[in-house]
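# Structural overview for review
The primary structure of each chain is shown beneath.
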Amino acid sequence: MEQEKAQIELEQKALEEKKRIHLEKIEVGKSKLKMDLTKELDRLNKLLEEENSKLTEINSFQFGRSSSEKENQLNEQNKKIRYITDYISKFEKGISLINLRESFDFQNTPEGVINHVFQSAKNRDFSKLRNLCDPYGENDIDTRGICLIEMQPTEMQNQFVESFENGRIMGNPKIENETAEIEIAFGPSSDRLEKIKMVKRMEKSYILSF
């Protein structure tokens, strides 16, 4: 009886230690993501300053330029500025949500995660995708592009939809310890093949590389 109790206590301590390490690594992943996104936000803000300066130049007098030509230039420049401003707004929202991580039942299996990516494309609902990248921040850049598609401009979201709305899993995943590899067919005609690597973190599956 005493041995069983001691064994249970050891297992409980081991689980608590595993959870502690897990949470620490999540914090590291959050910091890494925030740093990378903040750098990109700084770049976008500098770009916005440059485009606003160009707008001021266009508004100034230029010898030999017709009023219609000036109006067209102003319209094009204002379109660029609106595009960048919208992008910045999405980035700021994305950064504000970094600390709000969730997990879902469909992450209980690697297939569930990939099927959710396909479903998100079909429904144009990108709200849960940001939670599907490796929370330790060990995923690659291509994978991050998928997870953060909600922050991207509309044309990039359209490309995501076109690529994955008809996607399907090919065969069974290859699972080894805490990792899995799934082959998918994707693209507008589902004729492109790619292998996606997954990782399990505290019994939930995440995308590691694409």
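Structure report, in brief. Remember, it's a predicted structure, so these values are computed and weren't measured experimentally.

### Examining the overall build of the chain
On a plain count of helices and strands, the chain comes out with five helices and four strands. Listed N to C, the secondary structure of the chain is α-α-α-α-α-β-β-β-β in terms of helices and strands. Taken against the 2.2 N^0.38 rule, which gives 17 Å for 210 residues, the C-alpha radius of gyration of the chain at 23 Å runs more than 25% over that of a compact globule. Once the C-alpha set of the chain is aligned to its principal axes, its extents read approximately 95 × 40 × 20 Å. Across the 210 residues of the chain, 36% fall into the buried class. On the chain, roughly 13300 Å² of surface is accessible, and the fraction owed to carbon and sulfur atoms is 50%.

### Let's talk about the layout of surface pockets
Taken as a whole, the largest pocket encloses approximately 480 Å³ of empty space. Ile141, Asp142, Arg144, Gly145 and Ile146 are the residues nearest the centre of the largest pocket, which is lined by 21 residues in total. Breaking the lining of the largest pocket down by element, the ones donating at least two residues are helix H1 (2-59), helix H4 (141-147) and helix H5 (154-164). Across the lining of the largest pocket, the residue classes tally to 11 nonpolar, five polar and five charged. Empty space within the second largest pocket amounts to approximately 370 Å³. What lines the second largest pocket is a set of 25 residues, among which Leu33, Gly94, Ile98, Arg130 and Leu148 lie closest to the centre. Listed by contribution, the elements that provide at least two residues to the lining of the second largest pocket are H1, helix H2 (67-96) and H4. Examining the composition of the lining of the second largest pocket, we find that four residues originate from one element, H1, more than from any other. Class assignment of the residues belonging to the lining of the second largest pocket gives a composition of 11 nonpolar, six polar and eight charged.

### Topic: the state of the cysteines
Note: disulfide means a covalent bond formed between the sulfur atoms of two cysteine side chains. A complete count under the given rule lists one disulfide for this structure. Shown here is the disulfide that connects Cys133 with Cys147, its sulfur atoms set 2.1 Å apart. Negative torsions about the S-S bond denote left-handed disulfides, and the value of about 100° found for Cys133 with Cys147 makes this one right-handed. With a gap of 14 residues between them, Cys133 in the loop between helix H3 (110-123) and H4 and Cys147 in helix H4 connect regions that are remote in the sequence.

### Some thoughts on the pattern of salt bridges
All chains considered together, the criterion is met by 10 salt bridges. Of the charged contacts in the structure, one is a salt bridge between Arg43 and Glu40, with a shortest N-O distance of 2.6 Å. Of this pair, Arg43 and Glu40 both sit in helix H1, separated by three residues, roughly a single helical turn. Here the residues in one salt-bridge network are Glu17, Arg20 and Glu24, joined through shared partners.

### Let's talk about the pairing of strand E1 (residues 168-176)
In this structure, E1 lies alongside strand E2 (residues 179-186), joined through six bridges in antiparallel fashion. Counted as the bridge partner of Lys174 is Glu181 from E2. The hairpin formed by E1 and E2 contains two residues between the paired strands, and Asn177 there has a positive phi angle of roughly 55°.

About the thresholds
Residues numbered from 1 in each chain as written. Predicted model: local features only at pLDDT ≥ 70, side-chain atom pairs only at ≥ 80, totals over all residues. Heavy atoms only, no water. Helix = DSSP H or I, 4+ residues; strand = E, 2+ residues; numbered from the N terminus. Rg over C-alpha atoms; globule rule 2.2 N^0.38 Å. Buried < 20%, exposed > 50% of the residue type's maximum accessible area, 1.4 Å probe, protein only. Areas by Shrake-Rupley, 256 points an atom, 1.4 Å probe, with all protein chains shown as cover. 1 Å grid on protein atoms, 1.4 Å probe; cavity = no way out; pocket = protein on both sides within 12 Å on 5 of 7 lines; lining within 4 Å. Points joined across faces, edges and corners; volume = space filled by probe spheres on them. Nonpolar A, V, L, I, M, F, W, Y, C, P; charged D, E, K, R; others polar. Disulfide = S-S within 2.5 Å. Salt bridge = Lys/Arg side-chain N within 4 Å of Asp/Glu carboxyl O. Pairing = 2+ DSSP bridges.

Coordinates in, geometry out; function isn't part of it.
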